[in-house]
2 protein chains.
Amino acid sequence: MSIRIGIYGYGNLGKGVELAIGQNSDMTLVGVFTRRDPSSVKTLTGAPVYHVDDAIKMKNDIDVMILCGGSATDLPHQTPELSQYFNVIDSFDTHAKIPVHVENVDKVCKESGKITIVSVGWDPGLFSLARIYAGAVLPNGSDYTFWGRGVSQGHSDAIRRIEGVKNAKQYTVPVPSTLERVRKGENPTLTTREKHTRECYVVAYDGADKERIEKEIKTMPNYFADYDTTVHFISEEELIRDHGGIPHGGVVIRNGKTGMGQMNNHTIEFSLKLDSNPEFTSSVLVCYARAAYRLGKEGVSGCKTVFDIPPVYLSPLDRNELMATLL
Amino acid sequence: MSIRIGIYGYGNLGKGVELAIGQNSDMTLVGVFTRRDPSSVKTLTGAPVYHVDDAIKMKNDIDVMILCGGSATDLPHQTPELSQYFNVIDSFDTHAKIPVHVENVDKVCKESGKITIVSVGWDPGLFSLARIYAGAVLPNGSDYTFWGRGVSQGHSDAIRRIEGVKNAKQYTVPVPSTLERVRKGENPTLTTREKHTRECYVVAYDGADKERIEKEIKTMPNYFADYDTTVHFISEEELIRDHGGIPHGGVVIRNGKTGMGQMNNHTIEFSLKLDSNPEFTSSVLVCYARAAYRLGKEGVSGCKTVFDIPPVYLSPLDRNELMATLL
């Protein structure tokens, strides 16, 4: 029997989930739920569109609801709300608030008997897994997470809010020499500036004061002031042609020592190179939806994270096939 | 309460486990079990040594027995045998025979109520995890496993069996240009020869026919004939000085496509660079011993693999701390 999926929120992430479901033959997309007028929304695959107010009525038609809203304002209330009626997957990524989010959702799930897996994606998500496995294997060591080269939506938005800026794209870039030091097994203590640089591609309005814009970007607290930032003014055509995608990626590295006198060094590295950040994140959400469905069938309930899920639940292959082919 | 560990078999792997336990403050080494005369064995840390025949008498003193024997002749009978009395960890690495091994051990565990985790290490083990996660996230893709640069014990032994060879060390090396193609997102079909080369460092006896030795190595079926193999004759001093270690490592790469028309490519890469293969493998065994202990306490029994174990069970940190710091 096919796993029946609902998509709640239809932006880049929701579209990615829609396409990812098409790659998994054990899943069916029941529909997309939107806050907009459903008749105004056309899905990529022709999947039906419903208003979010109609979601609860369809609770018996959907095995897992994948939430595709934002972490700032949507998920903190949507995930607990919907966990009353559905097994839920979300990509809540405000790292500092995860424990509270888990606690809030867990209370609801314990009452409803549903299973919800939160903070699914690549960071939090696959990068978190890299950190927990590597840390457990090499307790005497340090880990490092680098993001990029990739587009930061938040930083791009911050530039766009500056007066005189028409459009902008910001790339977060790991510092190659630092990455090299970590890969060689050094365990340096690193400042923010030593880890990443920020590259900005900015389209200014005609007649805007570019010198002022560049200064405002480079001195912006939290976003840019602590980094070596470069600003390139380009035309709107160039922005669309050369910076239209949403690539991202990064790397988690752990160095650790073992043996007599801790003489042997080991390096564990996990890296991602992604043409489309939202499509990759969606692909992670979809395989955790499979896990939620299967665990739910076994009677498991509560709020879970990627740390709680045995890998065997993620794959469409059955356990015997996995042992024979991938172990 | 400390997790009480026993080590069964005391070669390189057993010594690695002994040292790894010292890095984990929630564990105590009860003792080492050997087939040799215990009075003839000195442990690295002064841990007590017992004869294997005395293991069963100590079943109430040991929470998890870590088996450090070989996959060819030891583990196929030791793991089921000891799973009658102990929670067990083994590193059974004959990939083709894993399903049968799991089945044999599971029968015993179901009767004894013990939990045994088999095929723990890095391949099978962490590399298997890289394959299952990456495959679940990117169903439309291919994965590649490369081993090395590292010492293959089996291939070194095969060279040593040749007449006129005093000593030898063999390195398995991934072909850099092939690795580059895969990293760039190509999905090539690769022959054995295209993936790895074999580098041999050979100490010949005085007067031995080096030409014949080199030819025998390069034409040896299964071991070398299908590879581009280089043979270097060196002195015993050089072998000891430059090739005394047991380094290894490798990389698992999966490329997959997503999106409309499968236009976006994603690359997931997991790599290891290890100064000591047995010490790293031991470190993996030890954190899975923690998982076996905890799952056993919860009443879980049966034969498990790394695919079945939720990552949260591997870390010494508790779940709340993990969510707050690593997720």
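Structural notes, computed from the coordinates. (Residues numbered from 1 in each chain as written. Chains lettered and ligands numbered in written order. Predicted model: local features only at pLDDT ≥ 70, side-chain atom pairs only at ≥ 80, totals over all residues. Heavy atoms only, no water.)

## Thoughts on the overall build of chain A
Now for step 1: Broken down by element type, chain A carries 11 helices and 14 strands.
Now for step 2: Computed over its C-alpha atoms, the radius of gyration of chain A comes to 22 Å, within 12% of the 20 Å expected for a compact globule of 327 residues.
Now for step 3: Counting the 327 residues in chain A, one finds 57% classified as buried.
Now for step 4: Taking contacts inside chain A between residues at least 6 apart in sequence as the whole, the part at least 24 apart equals 69%.
Now for step 5: Carbon and sulfur atoms make up 49% of the accessible area of chain A, which amounts to about 13600 Å² in all.
Now for step 6: Here chain A holds 36 positive side-chain charges and 40 negative ones, and the gap between their average locations is 2 Å. (Helix = DSSP H or I, 4+ residues; strand = E, 2+ residues; numbered from the N terminus. Rg over C-alpha atoms; globule rule 2.2 N^0.38 Å. Buried < 20%, exposed > 50% of the residue type's maximum accessible area, 1.4 Å probe, protein only. Contact = heavy atoms within 4.5 Å. Areas by Shrake-Rupley, 256 points an atom, 1.4 Å probe, with all protein chains shown as cover. Lys, Arg positive; Asp, Glu negative; His and termini not counted. Charge placed at Lys NZ, Arg CZ, Asp CG, Glu CD.)

## Digging into the pairing of strand S12 (residues 248–258) of chain A
Residues and elements named next belong to chain A.
Now for step 1: For S12, the tally of buried residues reaches 10 of 11 residues, placing the bulk of the element in the interior.
Now for step 2: Judged from the 11 bridges that link them, S12 and strand S13 (residues 264–274) form a sheet pairing that is antiparallel. Each residue of the ladder has a partner; that of threonine 258, found in S13, is asparagine 264.
Now for step 3: Between S12 and S13, which pair antiparallel one after the other, the connecting turn spans 5 residues, and glycine 259 there sits at a positive phi close to 95 degrees. (Pairing = 2+ DSSP bridges.)

## Let's talk about the sheet that holds strand S8 (residues 150–151) of chain A
Paired through their backbone hydrogen bonds, the strands of a sheet run either parallel or antiparallel.
Residues and elements named next belong to chain A.
Now for step 1: The strand order S8-S9-S10-S11 describes an open sheet built from 4 strands, whose pairing is mixed. In the strand order of this sheet, the two ends are held by S8 and strand S11 (228–233), each with one partner.
Now for step 2: Taken together, the 2 bridges between S8 and strand S9 (residues 165–174) define a ladder with antiparallel strand orientation. Across the sheet, residue glycine 150 finds its bridge partner in S9, namely threonine 172.

## Looking at the interface of chain A and chain B
Now for step 1: The interface is formed by 68 residues belonging to chain A together with 68 residues belonging to chain B.
Now for step 2: At the surface where chain A touches chain B, the tally comes to 2 salt bridges.
Now for step 3: Two residues, arginine 319 of chain B and aspartate 308 of chain A, come together in a salt bridge whose shortest N-O distance is 2.9 Å.
Now for step 4: In this assembly, chain A and chain B are joined by 33 residue pairs in polar contact (both at pLDDT 80 or more). (Salt bridge = Lys/Arg side-chain N within 4 Å of Asp/Glu carboxyl O. Polar contact = N/O pair within 3.5 Å; in protein donor to acceptor, adjacent residues only side chain to side chain.)

## A few points about the pairing of strand S11 (residues 228–233) of chain B
Residue and element names in this part refer to chain B.
Now for step 1: Looking at chain direction, strand S10 (residues 196–204) and S11 are connected through 6 bridges and run parallel. Residue pairing for S11: tyrosine 201 is matched across the bridge by histidine 232.
Now for step 2: Note that the unit made of S10, helix H8 (residues 210–218) and S11 has a crossover that is right-handed. (Right-handed = clockwise from strand over helix to strand, strands pointing away.)

## Considerations on the packing of helix H2 (residues 75–83) of chain B against helix H3 (residues 98–112) of chain B
All names here are of chain B.
Now for step 1: For the pair H2 and H3, interaxial distance at closest approach is 8 Å and the crossing angle is 15 degrees. For the element pair H2 / H3, the angle class is roughly parallel. Crossing of H2 over H3 shows right-handed handedness. Between H2, through Leu75, Pro76, Thr79, Pro80 and Ser83, and H3, the contact on the second element is made entirely by His101, Val105, Val108, Cys109 and Ser112. (Axes fitted to C-alpha atoms, helices over the stretch in contact; angles between N-to-C directions. Parallel < 35°, antiparallel > 145°, perpendicular 65-115°, else oblique. Left-handed = near helix turned anticlockwise from the far one by under 90°.)

## What about the sheet that holds strand S3 (residues 49–51) of chain A?
Residues and elements named next belong to chain A.
Now for step 1: Pairing is parallel across the open sheet formed by 7 strands, whose spatial order is S3-S2-S1-S4-S5-S6-S14. Edge positions in the sheet fall to S3 and strand S14 (302–304), since each has one partner strand and no second. Averaged over all pairs of adjacent strands, the angle between strand axes in this sheet comes to 25 degrees, irrespective of strand direction.
Now for step 2: Pairing between strand S5 (residues 87–89) and strand S6 (residues 115–117): 2 bridges, direction parallel. Note on S6: the bridge partner recorded for valine 88 is threonine 116.
Now for step 3: Each of strand S1 (3–8), strand S2 (27–34) and strand S4 (64–67) is contacted by helix H1 (residues 12–21), which is oriented at about 165 degrees to S1, the strand it contacts most.

## A word on the relation of the copies chain A and chain B
Now for step 1: Overlaying chain A on chain B yields an RMSD of 0.0 Å, the required transformation being a rotation through 180 degrees with an accompanying axial translation of 0.0 Å. The superposition operator between the copies reduces to a two-fold rotation axis.
Now for step 2: When the interface residues of chain A are mapped onto chain B, 100% of them are again interface residues, pointing to one common binding face. (Least-squares fit on C-alpha atoms with pLDDT ≥ 70 in both.)

## Section: the side chain of glutamate 269 of chain A
Now for step 1: Relative to the elements of secondary structure, glutamate 269 of chain A occurs in strand S13.
Now for step 2: Engagement of the side chain of glutamate 269 of chain A in a polar contact is seen with the side chain of arginine 183 of chain A, the distance being 2.7 Å.

## Describing the nonpolar core
Now for step 1: Judged by nonpolar contacts, the single largest core of 156 residues is most densely connected at Ile89, Phe280 and Tyr288 of chain A together with Ile89, Phe280 and Tyr288 of chain B.
Now for step 2: With residues up to four places along the chain from it excluded, the contact list for tyrosine 288 of chain B reads Tyr133 of chain A together with Ile89, Ile117, Val120, Leu129, Val306, Ile309 and Leu314 of chain B. (Core = buried A, V, L, I, M, F, W, Y, C linked by side-chain atoms within 4.5 Å.)

## Some points on the environment of serine 315 of chain A
Now for step 1: Examined against the element boundaries, serine 315 of chain A turns out to sit in the loop between S14 and helix H11 (319–325).
Now for step 2: With 27 residues separating them along the chain, serine 315 of chain A and tyrosine 288 of chain A place their C-alpha atoms 9.2 Å apart.
Now for step 3: When near neighbours in sequence (up to four residues on either side) are disregarded, serine 315 of chain A contacts Arg290, Arg294 and Leu322 of chain A together with Ile132 and Ala136 of chain B.
Now for step 4: Polar contacts involving the side chain of serine 315 of chain A include one to the main-chain amide nitrogen of leucine 317 of chain A, which spans 3.0 Å.

## Regarding the state of the cysteines
Residue and element names in this part refer to chain A.
Now for step 1: Applying the stated criterion across every chain, the model contains 0 disulfides over all chains.
Now for step 2: Considering cysteine sulfurs only, cysteine 287 is the nearest to cysteine 68, which forms no disulfide, with 14 Å between them.
Now for step 3: Owing to a relative accessible area of 10%, cysteine 68 belongs among the buried residues under this scheme. (Disulfide = S-S within 2.5 Å.)

## So, helix H1 (residues 12–21) of chain B
Residues and elements named next belong to chain B.
Now for step 1: Across the 10 residues that make up H1, a large majority, 8, are buried.
Now for step 2: Regarding H1, the residues found buried are Leu13, Gly14, Gly16, Val17, Glu18, Leu19, Ala20 and Ile21.
Now for step 3: Contacts from the buried residues of H1 go to strand S1 (3–8), strand S2 (27–34), strand S4 (64–67) and helix H10 (277–297).

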